[in-house]
Amino acid sequence: GDLRVVVTGPDGRPVPDAVATLHVPHPPSGPIRFDWPMRIAQHNMQFEPFVLVAPAGATVAFTNLDDVRHQVYSFSRPGPFELRLYGHDERRSVQFRNVGVIAIGCNIHDMMSSFIYVVDTPYAIKTDSQGIAVLHAVPAGEATLRIWHPYMRAAENRVERNVVIRATGGQEQFQIRVRPPPDHASAY
């Protein structure tokens, strides 16, 4: 069945860009593929999307849609990289082999930030603007459901709980505390 995950803040407002992952005892074998593009664009001096969920081994394209040059990088342990200056309509790619969080920035524009959440489960998706994520065709039985958000007030920005999935699916609700994003405007 489908597992609907709802993530809100203490005020009841939806939390977008929270990643929901379901870890089951016997995951399906074979490569993991998702329906969304493995791409992070630089557009209007921001990374789009802000959070990308990618399977381990995925190659992510970094496309510059701005009229200025960007130098994209990450010092994150699961996948450090640096893409030297590149301009409008140019694209670079990086393969991410290791599971974990990849925090991304631009060496030229400090206010730009993004995250790639690299997973080893086919049951992963991020919440939409309404704080809702739906994991499709999950197996019935016991599992661990994790919620991660880059600004969550929790150890490793993550909470988890053990769940029992019915054959018809179900719904889980999480209320999380999220700190405000860093204010890069004061740097200019």
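Structure shown above.
Keep in mind it's a predicted model, so treat the numbers as computed, not measured. (Residues numbered from 1 in each chain as written. Predicted model: local features only at pLDDT ≥ 70, side-chain atom pairs only at ≥ 80, totals over all residues. Heavy atoms only, no water.)

Draft legend 1. Molecular detail of unusual backbone geometry. Across the junction of E48 and P49, the peptide omega takes the value 5 degrees, indicating a cis bond. Looking at where P49 falls in the secondary structure, it is placed in the loop between strand 4 (46–48) and strand 5 (51–55). Even without a glycine there, the phi angle at M45 is positive, about 60 degrees. Summarising the element assignment, M45 is placed in the loop between strand 3 (39–43) and strand 4. (Helix = DSSP H or I, 4+ residues; strand = E, 2+ residues; numbered from the N terminus.)

Draft legend 2. Seen up close, the pattern of salt bridges. Going through the model one piece at a time under the given rule, you end up with six salt bridges. Here R13 makes a salt bridge to D11, at a shortest N to O gap of 3.8 Å. Two residues, R146 and E160, come together in a salt bridge whose shortest N-O distance is 2.8 Å. Of this pair, R146 sits in strand 14 (residues 141–148) while E160 sits in strand 15 (residues 158–165), and the two are 14 residues apart along the sequence. Judged by its relative accessible area of 42%, E160 is partly exposed. (Salt bridge = Lys/Arg side-chain N within 4 Å of Asp/Glu carboxyl O. Buried < 20%, exposed > 50% of the residue type's maximum accessible area, 1.4 Å probe, protein only.)

Draft legend 3. Structural context of the environment of A143. With respect to the helices and strands, the residue A143 is situated in strand 14. Leaving out residues up to four positions away in the same chain, A143 has contacts with L22, H23, V24, R161, N162 and V163. (Contact = heavy atoms within 4.5 Å.)

Draft legend 4. Representation of the side chain of E172 within the structure. Tracing the sequence through the fold places E172 in strand 16 (residues 169–175). Sequence-distant contacts of E172, that is, excluding residues within four places in its chain, are made with L3, R4, V5, V6, L145, R161 and V163.

Draft legend 5. Local environment of the sheet that holds strand 11 (residues 113–119). Sheet architecture is open: five strands sit in the order 5-11-10-7-8, paired in mixed fashion. Two strands in the sheet have a free side with no partner beyond their single neighbour: strand 5 and strand 8 (81–86). Strand after strand, the sheet turns through a mean of 20 degrees between neighbouring axes, direction not considered. Strand direction decides the pairing type here: strand 7 (residues 70–74) and strand 10 (residues 100–106), joined by two bridges, are antiparallel. Counted as the bridge partner of V72 is C106 from strand 10. (Pairing = 2+ DSSP bridges. Axes fitted to C-alpha atoms, helices over the stretch in contact; angles between N-to-C directions.)

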